[in-house]
Structures are given as structure tokens and as C-alpha cells.
Amino acid sequence: MRPPAGEAAPGSGATVPRPAGGEDTTVPRPFDPDRGEPGGEPEPTATGEGVPWAELLAEGETVARYWSHVLRRGPDECWWWTGGLTDTGHATFRAVSLPGRTRRGTVPAHLFGYRLAHGPVSVPRGMVVRHRCDEPPCQNPAHWLLGTRGDNNRDAASRRRLTGHALADVRGAAGRARAVQAAIAAASPEDLDQAIAAALAAGNPSGAHQDALF
Ligand SMILES: [Zn+2]
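Residues numbered from 1 in each chain as written. Predicted model: local features only at pLDDT ≥ 70, side-chain atom pairs only at ≥ 80, totals over all residues.

### Some details on the overall build of the protein chain
Each helix and strand counted, the protein chain has 6 helices and 7 strands in total. Sequence-ordered secondary structure for the protein chain, helices as α and strands as β, is α-α-β-β-β-β-β-α-β-β-α-α-α. Across the 214 residues of the protein chain, 26% fall into the buried class. Looking at the protein chain alone, contacts between residues at least 24 apart form 52% of all its contacts between residues at least 6 apart. (Helix = DSSP H or I, 4+ residues; strand = E, 2+ residues; numbered from the N terminus. Buried ≥ 20, exposed ≤ 12 C-beta atoms within 10 Å, placed from the backbone. Contact = placed C-beta atoms within 7 Å.)

### Observations regarding helix H3 (residues 109–118)
Along an α-helix, residues three or four apart share an orientation, since each turn contains 3.6 residues. Summarising burial for H3: 7 of the 10 residues are buried, a large majority. Those residues of H3 that sit buried are Ala-109, His-110, Leu-111, Phe-112, Gly-113, Tyr-114 and Arg-115. Once H3 finishes, Gly-119 follows within two positions and takes phi at roughly 110°, a positive value.

### Some details on the sheet that holds strand S4 (residues 91–94)
Taken in spatial order, the 3 strands make up an open sheet running S3-S4-S5, and their pairing is antiparallel. The sheet is open, and its two borders are formed by strand S3 (84–85) and strand S5 (106–108), each paired with just one other strand. One ladder, built from 2 bridges, connects S3 with S4; its direction is antiparallel. Bridge pairing in S4 links Leu-85 to Ala-91. (Pairing = 2+ DSSP bridges.)

So this is what it looks like as C-alpha cells:
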């Protein structure tokens, strides 16, 4: 296949790789979770490689279904996911309904949302979409940034020790995400903000104590 106009010719010695410029989005192909978890909630593909993003993002029904699972709130607030969750508290979105029990076609919702906001080839190979807010199910595009897995692990390790921080939640990330979903489902619209705040605070029973959680 010829590279698009403006691309460096093969072997030209270009030092800056084009982010996913050669990604083949023309051939539909099945994709499987990178990390299947027998007996548990299937983990969607962590990086989104091999997913026909351009096709999925062009399907109005799929995009509408994505938004139907997002509680959109203020520009600075977390936009909570009301659909499926992984055991790490990340949102899962069944972007394609394929036959069988493997849930092939299930992708991390924030990878779908990030590409929806920035384009189908906006995540270079090897990069991950991180949450500034440290709330894995959050779908607010303003709360996402690209980074490496190393960035992610380093930041999480330092912030996990902060009392009251999302990463220090005694329920774990999935328990926290499920508690927020339950609060959203039970709350009336006028009580929504308070219900979410209470659900988040419930994971910090130590209250104002500043003891590090080791
Ligand atoms: Zn957020």
C-alpha cells in the first residue's frame, strides 16, 4: 500500500514515528480482549489495538449508544458511566455485538470516547489514555490525557497514599464505581450531586484522618 501524500517514504530515516498513520482501518476483522479473565467480567482490550475504530466511530447508532451510558455533567465534573464495569472500575462498552459468549467487540469506553473526541488514530501505539481525575469510569474528555503506562503507574503509586483520594478508596476502584452507579440509579435529579458526593465519601471511613494508608 502506498503511504498517503506527505508521509515519509519507507526507509527515509525519519526519526519521529507517525502516530498510527499506517493503521489499517479498511479491513474489518474480529478483535479479542487482550486479557481474558475466565469466570469473571471479561477485560476488554487494554490498548485498543486491532479495533476498527474508524468504522465504529462512524456508526451513529454506536455513538448514540455510547452516550446513552454517560451521565454528562458540568465541564469540570466527572461524567459517570452507567454501563458495564471491569474489576478495575473501568467502563466497558460493547461497541459491536458479535455472536458467542466471549463478548468480542467489547472495548474500554474511555478509549472509544477519547477517539470520539480526538479522532480514530489519536492514540499512538504504546500510549494509554489516562484519567486526570483518577476515576476509571469517568467519560469527561477534559479529564483524559495521553501518557505511558509507566506515567500511570508512578502517579497511582504516589496518590494512592493520600487519605480521601479516589485511589485510597477502601472499596477498591470497582467497588467505588459501582457505588456511584447505585447512587445515580437511586437518586432523583435534584439530589444527584449530593448522592454522588455521598457515594464517593463513603469509601473514606477514616474521615479527616491524615494517616497514610499502607
Ligand atoms: Zn473525571
